[in-house]
Amino acid sequence: MALPSTFLPAFVFLTFCLCLYPHLASAKHGSTGVTRHYKFNIRMHNVTRLCQSKSIITVNGKFPGPRIIAREGDRLVIKVINHVSNNITIHWHGIRQLRSGWADGPSYITQCPIQTGQSYVYNFTIIGQTGTLWYHAHVSWIRSTLYGPIVILPRRNTSYPFVKPYKEVPIIFGEWWNNDTEAVINQALQTGAGPNNSDAYTINGLPGPLYNNCSSPKETFRLKVKPGKTYLLRIINAALNDELFFKIANHTFTVVDADASYVKPFETDTIFITPGQTSNVLFKTKNLTSNAKFMMAARPYSTAAAGTFDNTTVAGVLEYISDTMSSSSNITSIKGLPLPTLPAINATAYVANWTNKFRSLGNSQFPVNVPQTVQNRYFFAVGLGSDPCPKNQTCQGPNGTKFAASINNISFTSPTIALLQARYFGKSNGVFTTDFPSTPLSPFNYSGTPPNNTMVSHGTKVVVLPYNTTVELVMQGTSIFGAENHPLHLHGFNFYVVGQGTGNYNSTTDPANFNLVDPVERNTVGVPSAGWVAVRFRADNPGVWFMHCHIEIHLSWGLRMAWAVMDGKLPNQKLPPPPSDLPKC
């Protein structure tokens, strides 16, 4: 089932939702916020797209999943019950999880998976965040269908730092796969080749009219709007493997938020968004008569030389309606409507200019707390590599090898017990080591001619950070098997993006151009194709925190690692004990 195209204004919708769907959420008022209870039944559900019917893994039978709605300061208690044969965990993407690392969700990092017939209660408080985030499965490629939006409203008696929207609309980009994504990734890992492509992109679960004759009118997302109104679009890229451009013909946006942090507003007619990123944009409709229609479209950005990608376009429709028209009126024809013109597939310059536009709002109400001094410096080279082909097997990766990916040439090996559990109970021996290299062990011309030896090493290694110390991390893209944009996501923290550039990072000259005044605050940032990005954060959240590329095939190939942040000295600086229902391995 697709998400509806619009929903009521926030202050009405909270009451409406809780009254209409009491089985989904209940709330209990406290002194600082509200405790909101949700129940997520993970079930198989039959869905038809592109003339293909298949049973997919869903939350409560919905695709995309149901919205979570809360205010900043609220506590969320979400019981997840696994009714499917696959192991399940859920990650609440972008939630800081301050001292609630047991609720973060990545499998074998903060928890063991929820097994069939078992349940787990995720319990966390939203602190210092307002905007749009999202949740998704964090086991293998199950997040291809198991995902949904998290809507975080301002605290009561506060407001947005921009014009109040008439309505708010989720725009969630995803992918549709006719094949089982678990079979797709298993085949890719077995053969060593790039994975098969998705069959379509989707907007709120719908592929639109451009794919084949099977794209029925009901499979096209339609955003119904009234003239002269301001809408807030809550945009999420939930696609597995593709960064996307998005545009509505003859209309513009004002970007006001990135990853649930306010930014200095700027106007654009084209949105660029990587997997894992979210953004709130204001969208003002024109003073047009009803029945006016415009196409919207999204398609990928890619510079990848390794493997193929889904080079298709998903389309939807913007429809103007009047007060006398029903928002559920009969579907009208869109034949002949022109598609908006999107940047070229490999528009690297556009992407660089786009990311440079983001600045934190940085006023007295929303200050910028970027670390001005640095205690821990790291330089991570990120990108693809290869593994040797096992004996008696034919591999389809580069030169008969298997594709791999790494950070500082370490391709992460998933443990069989969760890292956080091992660390908390002092049983890390044999599970992980703390010798993750702070710089590449074998430096090379990262954005130039690749080295002759492209083989990666393997290990389960973490970086240990003392509590409350400051970190500067420079992530350098590499050109091995082709330079690509890598959206790196850090769990448990927001970071400030203080600099970026093309080519190889120069530690002598580049820091002079860092923005330490109003850098954007994010949880997912693109490491530029054949370039670098620098971020800073404060290690004020004890636990073990995953960092990985949010292009799922790169994560599967090993482009991932973890940060272990120590406890502080005070009681409120320590990670509490695990909940009693924490899943066992």
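Just so you know, these numbers come straight off a predicted model, no measurement behind them.

Trainee: Which parts of the structure should I look at to understand the packing of aromatic side chains?
Mentor: In this structure the tally under the stated criterion is 41 aromatic pairs. Residues Phe 245 and Tyr 301 carry aromatic rings whose centres are separated by 5.9 Å and whose planes lie at 70° to one another, so their mutual orientation is edge-to-face. Of this pair, Phe 245 sits in strand 14 (residues 243–248) while Tyr 301 sits in strand 19 (residues 293–301), and the two are 56 residues apart along the sequence. With centroids separated by 5.9 Å and ring planes inclined at 40°, the aromatic side chains of Phe 253 and Phe 283 adopt a geometry described as tilted. Within this pair, whereas Phe 253 is found in strand 15 (residues 253–258), its partner Phe 283 is found in strand 18 (residues 278–284), the two being separated by 30 residues in sequence. Note on accessibility: Phe 253 and Phe 283 belong to one class, buried.

Trainee: Just checking my understanding: could you explain the nonpolar core for this structure?
Mentor: Taken as a class, soluble globular proteins show a tendency for nonpolar side chains to be buried jointly. Formed by 95 residues in total, the largest nonpolar core has its most connected members in Phe 380, Met 475, Met 547 and Trp 563. Those residues in contact with Met 475 that lie beyond four places of it in its chain are Phe 380, Leu 488, Val 525, Val 527, Gly 531, Trp 532, Val 533, Val 535 and Met 547. Counting residues in each nonpolar core, the second largest holds 56 residues, with Tyr 38, Ile 114, Val 151 and Leu 420 among its members.

Trainee: Is there a simple way to explain the environment of Ser 364 in this structure?
Mentor: Along the polypeptide, Ser 364 turns up in the loop between helix 3 (348–356) and strand 21 (376–387). Using a relative accessible area of 78% as the deciding quantity, one classes Ser 364 as exposed.

Trainee: Any chance you could explain the UniProt feature "domain: Plastocyanin-like" (unreviewed entry) in the chain here in plain terms?
Mentor: The residues that UniProt annotates with the feature "domain: Plastocyanin-like" (unreviewed entry) are residues 42–156, 168–321 and 446–567. Along residues 42–156 one finds 0% helix and 46% strand; the C-alpha atoms at either end are 32 Å apart. Taken end to end, residues 446–567 is 5% helix and 46% strand, and its two terminal C-alpha atoms sit 35 Å from one another.

Trainee: So what exactly am I meant to see when it comes to the pattern of salt bridges here?
Mentor: Oppositely charged side chains may form a pair once their charged atoms are brought near each other. In this structure the tally under the stated criterion is 14 salt bridges. The salt bridge involving Arg 155 is made with Glu 72; its shortest N-O contact spans 2.6 Å. Residue Arg 155 is found in the loop between strand 9 (147–153) and strand 10 (167–176), and its partner Glu 72 is found in the loop between strand 4 (68–71) and strand 5 (75–82); the two are separated by 83 residues along the sequence. Of the residues examined, Arg 155 reaches a relative accessible area of 35% and is grouped as partly exposed. Between Arg 377 and Glu 472 there is a salt bridge, with its nearest N and O atoms 3.0 Å apart. Remark: Glu 472 occurs in strand 26 (residues 470–477) and Arg 377 occurs in strand 21; sequence separation between them is 95 residues. On the accessibility criterion, Arg 377 (53% relative accessible area) is exposed. Each member of the salt-bridge network shares a partner with another, and the members are Arg 222, Lys 224 and Glu 319.

Quick notes on the rules
- Residues numbered from 1 in each chain as written.
- Predicted model: local features only at pLDDT ≥ 70, side-chain atom pairs only at ≥ 80, totals over all residues.
- Heavy atoms only, no water.
- Phe/Tyr/Trp six-rings, centres within 6.5 Å; stacked < 30°, edge-to-face > 60°.
- Helix = DSSP H or I, 4+ residues; strand = E, 2+ residues; numbered from the N terminus.
- Buried < 20%, exposed > 50% of the residue type's maximum accessible area, 1.4 Å probe, protein only.
- Core = buried A, V, L, I, M, F, W, Y, C linked by side-chain atoms within 4.5 Å.
- Contact = heavy atoms within 4.5 Å.
- UniProt positions renumbered as here; feature names shortened; annotations may be inferred.
- Salt bridge = Lys/Arg side-chain N within 4 Å of Asp/Glu carboxyl O.

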